Amino acid sequence: MTKLYNTVAMSENTKIQASENKMGTMPVFSLILSMSLPMMFSMLVQAFYNIVDSYFVARISENAITAVSLAFPVQNLMISFSVGTSVGVNALLSLRLGQKRPEEVNKTAMNGLFLAFATYMVFCVLGIFFLKPYFFGQIDIEEIRQMGLTYTKIVLFAGLGGYGAIMCEKLLQSTGKSMLSMWSQLAGALTNIIMDPVLIFGIGPFPEMGIAGAAWATVMGQFVAMIIALTLNIKYNKDIHFQFKRFFRPDIYTIGQIYRVGVPSIILSSITSFTTALINMILRSFSATAIAVYGIYFKLNSVLFMPVFGLNSGIVPIIAYNYGARNYKRLTSSIKTGLAIAVTIMAFGTAIFMIFPGQLLSIFEASEEMLSIGIPAMRIIASSFIGAAVAIVLGSVFQSLQSAMLSMIVSVCRQVIVLVPAAYLLSLTGNINNIWFCFPIAEVMSIALSLIFYSKVYKQKILPLKSNLK
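As a starting point, this report considers the structure included with it. (Residues numbered from 1 in each chain as written. Predicted model: local features only at pLDDT ≥ 70, side-chain atom pairs only at ≥ 80, totals over all residues. Heavy atoms only, no water.)

Concerning the nonpolar core
The line we're drawing: Residues belong to a common nonpolar core when they are buried Ala, Val, Leu, Ile, Met, Phe, Trp, Tyr or Cys residues joined through side-chain atoms within 4.5 Å. We call a residue buried when its accessible area falls under 20% of the maximum for its residue type, exposed when it is over 50%, and partly exposed in between, using a 1.4 Å probe and counting protein chains only. Note on conventions: DSSP H or I runs of at least 4 residues are helices, E runs of at least 2 residues are strands, and numbering of each starts at the N terminus. The criterion used for residue contact is that any of the two residues' heavy atoms lie within 4.5 Å.
Ranked by internal contacts, the top residues of the largest apolar core, which has 130 residues, are Leu283, Phe353, Phe385 and Trp436. Looking at which element gives the most residues to this core, the answer is helix α10 (residues 288–324), with 18 residues. Apart from residues no more than four positions distant in its own chain, Phe385 is found in contact with Tyr297, Asn301, Leu304, Phe305, Met346, Gly349, Thr350 and Phe353. Membership of the second largest hydrophobic core comes to 5 residues, among which are Ala91, Val261, Val316 and Ala404.

What to know about helix α7 (residues 178–201)
As a reminder, the rule being used: For a helix, the expected span equals 1.5 Å multiplied by the residue count minus one.
Between its first and last C-alpha atoms α7 spans 35 Å; for 24 residues at 1.5 Å apiece the expected length is 34 Å, and the two agree. Buried residues dominate α7, accounting for 17 of its 24 residues. Gly202 lies just past α7 and shows a positive phi near 75°.

Looking at the pattern of salt bridges
Heads up, the condition is: By definition, a salt bridge exists where a carboxyl oxygen of Asp or Glu is found within 4 Å of a side-chain nitrogen of Lys or Arg.
Summed over the entire model, instances satisfying the criterion amount to 5 salt bridges. Note that Lys107 and Glu104 form a salt bridge whose closest N and O atoms lie 3.7 Å from each other. Of this pair, Lys107 and Glu104 are both found in helix α4 (residues 102–138), 3 residues apart, which corresponds to roughly one turn of the helix. Residue Glu104 is classed as buried on the basis of its relative accessible area, which comes to 18%.

Considering the packing of helix α11 (residues 328–355) against helix α17 (residues 438–462)
Rule in force here: Axes here refer to lines fitted to C-alpha atoms; in helices the fit is confined to the stretch in contact. Angles between the N-to-C directions go from 0 to 180 degrees. Roughly parallel refers to an angle under 35 degrees, roughly antiparallel to one over 145, roughly perpendicular to one between 65 and 115, and oblique to any angle outside these ranges. A clockwise turn of the near helix away from the far one marks a right-handed crossing, whereas an anticlockwise turn of less than a right angle marks a left-handed crossing.
One can describe the packing of α11 onto α17 by two numbers: an axis separation of 13 Å at closest approach and a directional angle of 165°. Between α11 and α17, the angle is such that the two are roughly antiparallel. In this structure, α11 crosses over α17, and the sense of that crossing is right-handed. For the pair formed by α11 and α17, the contact residues are Tyr328, Leu331, Thr332 and Ile335 on the first element and Tyr454, Tyr458 and Ile462 on the second.

A few points about the packing of aromatic side chains
Each aromatic ring pair is summarised here by two numbers: the centre-to-centre distance and the angle between the ring planes. The criterion, for reference: Here is the rule: rings of Phe, Tyr and Trp (six-membered ring for Trp) pair when centre to centre is within 6.5 Å. Planes less than 30 degrees apart are stacked, more than 60 are edge-to-face, and the remainder are tilted.
Under the criterion given, the structure shown has 18 aromatic pairs. A ring pair is formed by Tyr55 and Phe56, whose centres lie 5.2 Å apart and whose planes are at 70°; its orientation type is edge-to-face. Given a relative accessible area of 29%, Tyr55 falls into the partly exposed group.

So, the packing of α11 against helix α13 (residues 368–382)
Our working definition: All residues other than Ala, Val, Leu, Ile, Met, Phe, Trp, Tyr, Cys, Pro, Asp, Glu, Lys and Arg, Gly among them, are scored as polar; the first ten of these are nonpolar and the last four charged.
Contact geometry of α11 with α13 gives a least axis separation of 8 Å together with a crossing angle of 155°. Comparing the axis directions of α11 and α13 gives the class roughly antiparallel. The two elements α11 and α13 meet at a crossing, and its hand is left-handed. Facing Thr350, Phe353, Met354 and Ile355 of α11, the residues of α13 in contact are Met378, Arg379 and Ala382. Grouping the constituent residues of the contact of α11 with α13 by class yields 5 nonpolar, 1 polar and 1 charged.

Rendered as structure tokens:
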């Protein structure tokens, strides 16, 4: 028995050392690229899938694209809870790896899978009571209401694959296996892209399903991604021993540690759902087309923001690992490199939105009214992109260092205290173009507050590691 125990212990130490050799010793720039590029690529594919999805929906009608735009806050809320929980799992699991605690690594992973399923069940129950009141409160055009309800019911009640896929992909990322995570996301996105026109317009043996087809294509892509990600974890993720009997025995302490990081992240992301719903209500007083423009903007900006979020997915475990290992030099180098990459991406995106707004909107069968509203909107909002890059990366730093509450405060101040009130006050001018200035106004505040908080975190948590400089 002693021999067997020693063999297992040696095996665990070898696995942890392999992880340390990467996140603890590999050159920082190369490490960030190796962990982030697969995620950035796969999330970029997902962003393009969102555009393709909306492209086909727009071919149904402008009302259809408006309905999907109104469904966005609900979808984003689902994703926010799922991603926020998995961010907590990611940070805790990476920290335990850095601390060389393999048993806690396994416990964290299994509790993460349990929470993914529990989150799905909670949203199903909430959907039964709140979906219809939500859509009736957002729009008074019956066709848009019914389209929105049809689409959202499918992605909500058949959406288990989305929760499972996100959690399984984060488990791969947290142990430095982002390349494997890329394949599951890529497979899910490609499934969605292929099935969109097939199910929307009825190609081959499939019936024409309209907007319901877009929803079912999304669900199918999510299940494909979940199955592949779970399979890759079980087969190749040797840092985690999947003991599925633990799925039925959730650990309260571990869940508490996960949500210590996860809850602020959930709130951070969920606020977007509420602010989007409120801004949609402000835009409704101008026209349904204005709501469609706002929804299209979110689809287009995902091409920029998704890669930055993919970058963050690679940075979070690196920072958390080196914080756990008390490595000042690698931790600070990771932050600086992440900021430089994010700002570069957003600078490029700003130029595209400024120069080609009409061409971007034309992808979605834009009417003259949509172009007249959308072109100035794209240019005005794009002025906030570079500032957003700084705030997003610093937010991931707070999450990695167990200070995720600071990210939540920044987001609440940006969106609740500044963004929505500014949008409302600007709408009183009667000029819809003025509303979009709420974004750069809010971003100025976001950057300032993020920098103040980073200075505090640096002094309290990062600077003391300098005595252990490696």
